[in-house]
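Listed below are the residues making up each chain.
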Amino acid sequence: MIAKQTYRYTIIALFLLIGIPGLSSCRKNPSFNAALYVDPLIGTDSVGTVFPGASAPFGMVQLSPDNGHGGWHHIAGYYYPDSLIASFSHTHLSGTGAGDMYDIAFMPVTLPALHSSEVVGGYYARFSHDDEQCHAGYYSVLLKPYDIRVELTATTRAGVQQYTFLNGADSAMIRLDLGRAINWDRTTDSRIVQIDRTTLQGYRFSDGWARNQKVFFYSRLSVAPDSIALFEEKITDDKGNETEAKRSYVHLYYYNLPPKAKIVVNTAISGVDEAGAKANLLTEAPEMDFEKIRQETETEWQRQLSCIRVEGASKGELVKLYTALYRAKICPTTYSDTDGRYLGADRAIHRLDSGQVHYSTFSLWDTYRAAHPLLELINTKEQADMIHSLIDFGEQNQSILPVWNMWASETDMMIGHHSIPVIVSGIIKGVTSIAPERLKPLLTGTTNRDGYRGMDSYRRLGYVAQDNEHESVSKTMEYSCNDAAVQAWAKHAGDEKMVAEYASRSQNYRNLWLPERGFFAPRKADGSRVEPFNPFAYTEDYTESNAYQYLFSVQHDTRGLMELMGGGEAFGKRLDEFFFSATPDSVRLPIFSTGMIGQYPHGNEPAHHVLFLYNQARQPWKATDISRKILQDFYTTQPDGLCGNEDCGQMSAWYVFTSLGFYPVDPVSGQYELVSPLYPRSEITLQNGKKIKITARNLSAENIYIESVTVNGNLWRQSYITYDCIKNGVEIVFNMTAEKGKIWY
């Protein structure tokens, strides 16, 4: 506890030292730098599994320290309670539940260096958080006992490291280890070619969560080494057998350096080839000038984050807001080179038209809910390219859209086909356009897969049969949601036959309704139910959840769900039951059920929309109470300030939307449920230049409930606002009160 308090005050002191403008004027002050409020250490402790290092917005390179240990807590390579650093690698994942990446790992030391067989790669340094600094686009740490200051920054496709040897060294060494692997990652082949004394190129191929991943690199050092050594090891397979002609390499650069000597290492990567990595470096980081690149990246982050400005927020609220907005712009990641080439899902090289970008790292089961809807508003161009990236992947993948793809591979992580609502939402809203004859085969091919995760019984029986497939209830619910998105697209495209087919399929969730218990429960292929049934239990019938947590997973048809439950009043009682039912002592909570309020787990995604359904139950004050608790208690400025996996921006996008006062329960519908804002005034600049201006009049610690709402000066009588209403700019005014029980719509 003491350490955490010290950390919090250190951050605040840092803000004061760097002279951030007055908080109350941040929206009006053009010199306000939101990037300096980003604290990448938030979420590096506990279950957040995020990395603290440097990245450009949506960067292919995410350059960050690795502690040299594996396991759940080290999924991002770095875990705040650890005190060791073993390398600085160029690829990472932001808040996922499985570990991979950590490619192209450098480490500076002085000899004799600390070494342990318990550290991945062997060599390591000690460090203290007192000697660590980071914000958007920058990370710095002092390596002990070597007294080497390491600074990191990045462009989109290149990482830039600066090593300052404070005391000099007659035996300094920079180590590049292509064989080291953590968690699911495993090197399958590598190569290093020394082009001249300061230039090298090569590749690291690996297998793990990302199948058959290929990372090519091109590196330059600002100072030529005194000597170079290269070591190779034969690669073994899972059974310990040597793999013919496959090698992992370690490259060592030795120096004799005076005090305060600096060495800059520029490294660009590519998924295509070494020539692509070289072109990326020459385009984005041709100069060995760390400060120049750092300033350019920080300026870009300032531009990206300035799309949202707020007034009346505390220091802590600004740190939480801009850290969340930063994390929402870390993923998906750029995957095409500067010349437009990328490796496709068909393992062929493709080239984009000028100005387009191909993206990867789509955690779609999570991010379709709020992360992509946020990008639709504030990063419309990037979101359009992301939609095209999903479609391109599908066309290269036998007409099957991705589930959870990265680095040209389908990981098949999680369930459903939530690329569909992401694509359909963007098309209906006009974010991009896709010819119907191009998209229809992808939608039908994806939703009619044979032999895949219970989809055969889903089409035949109207539900996924429990005796044929794990997670049958969740899959039925998710497939119904996907079918509703296809129905919406078919309506948009004017395909009435397709509308009728998928409208029927979107109602398949009803086939699992157990009326005598009031839950969605598993059924066998013969129609019989599974007993015993315990809605609190975490069983293989639900994905990372129980029956309570999937009870409201009908975002596409909440009125139909309300009907099943017996109407609006009964619907409200079921919401109360959900949020206020304690877990019995006999049920052990799994690792993903964190941030609990009754049966609501904010640390996992399936129920992120549920509190906003209180609007439809005509009890909006309850949405206020619960959202306030989550915003204030489950997001903090501490290293353990995320109550669950970040999941590639979803946890953070939820915070951004909710703190501003609206949330997309069903993104395809184009409706955003209104909820009490956290700030007296906020302004969102859409990528088209239009502005959403939000005012919460009379907002105070007591006045947190909505009394009335006006939109563009007119009294608003709906609990939601639509995309069509806000896309060209809008002014929303919430009139706040301390009175509970007010139904303002």
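Residues numbered from 1 in each chain as written. Predicted model: local features only at pLDDT ≥ 70, side-chain atom pairs only at ≥ 80, totals over all residues. Heavy atoms only, no water.

Within an unreviewed UniProt entry, the label attached to the protein chain reads Alpha-mannosidase, and the organism entered is Porphyromonas macacae. In its Cofactor (unreviewed entry) section, the UniProt entry covering the protein chain states "Ca(2+)". A UniProt comment under Subunit (unreviewed entry) is attached to the protein chain, and it reads "Monomer." (UniProt positions renumbered as here; feature names shortened; annotations may be inferred.)

Enquirer: Report on the sheet that holds strand 18 (residues 261–270), specifying residues and quantitative values.
Expert: In spatial order, the strands read 8-9-10-11-18-15-14-13; together these 8 strands make up an open sheet with antiparallel pairing. The open sheet terminates on both sides in strands that have one partner only, identified here as strand 8 (132–135) and strand 13 (186–196). This sheet shows a mean twist of 15 degrees between the axes of neighbouring strands, independent of strand direction. With 7 bridges joining them, strand 10 (residues 148–154) and strand 11 (residues 158–165) adopt antiparallel strand pairing. Bridge pairing links Leu-152 to Gln-161 in strand 11. Seen against the sheet, helix 2 (residues 274–284) touches strand 11, strand 13, strand 14 (199–207), strand 15 (213–221) and strand 18 and runs at an angle of roughly 130 degrees to strand 18. Across the face of the sheet, helix 3 (residues 290–305) comes into contact with strand 8, strand 9 (138–143), strand 10, strand 11 and strand 18 while running at roughly 45 degrees to strand 10. (Pairing = 2+ DSSP bridges. Helix = DSSP H or I, 4+ residues; strand = E, 2+ residues; numbered from the N terminus. Axes fitted to C-alpha atoms, helices over the stretch in contact; angles between N-to-C directions. Contact = heavy atoms within 4.5 Å.)

Enquirer: Account for the domain arrangement of the protein chain, with residues named and values stated.
Expert: Many structure descriptions define interface size as the accessible area lost when the parts assemble. Domain parsing of the protein chain yields domain 1 (38–306) and domain 2 (308–737). The gap between the C-alpha centroids of domain 1 and domain 2 is 34 Å. Each side of the interface is counted separately: domain 1 has 58 residues, and domain 2 has 52 residues. Both sides of the domain 1 and domain 2 interface together cover about 4,300 Å² of buried area, and 60% of this is carbon and sulfur. Run the count over domain 1 and domain 2 and you get 1 salt bridge. Close ionic contact of Arg-341 with Asp-273 constitutes a salt bridge, the shortest N to O distance being 2.9 Å. Our count for the contact surface shared by domain 1 and domain 2 stands at 28 residue pairs in polar contact (both at pLDDT 80 or more). Ranked by residues supplied to the side of domain 1 that touches domain 2, first place goes to helix 2 with 6 residues. Of the residues in the side of domain 1 that touches domain 2, the class split is 26 nonpolar, 24 polar and 8 charged. (Domains from an automatic or database assignment. Buried area = accessible area lost by both parts, 1.4 Å probe. Salt bridge = Lys/Arg side-chain N within 4 Å of Asp/Glu carboxyl O. Polar contact = N/O pair within 3.5 Å; in protein donor to acceptor, adjacent residues only side chain to side chain. Nonpolar A, V, L, I, M, F, W, Y, C, P; charged D, E, K, R; others polar.)

Enquirer: So what about the pattern of salt bridges? Which residues, and what values?
Expert: It is possible for side chains of opposite charge to pair when their charged atoms get near one another. As enumerated under the stated definition, the model contains 34 salt bridges in all. For the salt bridge of Lys-381 with Asp-385, the shortest nitrogen-to-oxygen distance reads 2.5 Å. Of this pair, Lys-381 and Asp-385 both sit in helix 7 (residues 380–396), 4 residues apart, which is roughly one turn of that helix. Since its relative accessible area comes to 40%, Lys-381 is described here as partly exposed. Arg-510 is paired through a salt bridge with Asp-557; the nearest N and O atoms lie 4.0 Å apart. In this pair, Arg-510 is assigned in the loop between helix 12 (496–505) and strand 26 (513–514) and Asp-557 in the loop between strand 27 (519–520) and helix 13 (558–565), connecting sequence segments 47 residues apart. Looking at Arg-510, the relative accessible area reads 26%, which means it is partly exposed. Accessibility expressed as a relative area gives 15% for Asp-557, which makes it buried. Through salt bridges with shared partners, one network takes in Asp-273, Asp-339, Arg-341 and Arg-351. (Buried < 20%, exposed > 50% of the residue type's maximum accessible area, 1.4 Å probe, protein only.)

Enquirer: Tell me what's going on with the sheet that holds strand 3 (residues 84–85), and back it up with residues and numbers.
Expert: Read from one edge of the open sheet, 3 strands run 3-7-6, paired in antiparallel fashion. Two strands close off the open sheet at either side, each with one partner strand: strand 3 and strand 6 (114–115). In terms of strand pairing, strand 3 meets strand 7 (residues 123–126) through 2 bridges, oriented antiparallel. Paired with Ile-85 across the strands is Ala-125, a residue of strand 7.

Enquirer: Summarise the pairing of strand 15; cite the residues concerned and give the values.
Expert: For strand 15, the tally of buried residues reaches 7 of 9 residues, placing the bulk of the element in the interior. As consecutive antiparallel partners, strand 14 and strand 15 are separated by 5 residues, and within that stretch Asn-212 has a phi angle of approximately 50 degrees, a positive value.

Enquirer: So what's going on with helix 8 (residues 419–428)? Residues and values would help.
Expert: With 9 of its 10 residues buried, helix 8 lies for the most part within the structure. Taken as a whole, helix 8 has its buried residues at Ser-419, Ile-420, Pro-421, Val-422, Ile-423, Val-424, Ser-425, Gly-426 and Ile-427. Packed against the buried residues of helix 8 are helix 5 (364–367), helix 6 (371–378), helix 7, helix 9 (436–447) and helix 11 (472–493). Gly-430 sits one or two residues past helix 8 and shows a positive phi near 80 degrees.

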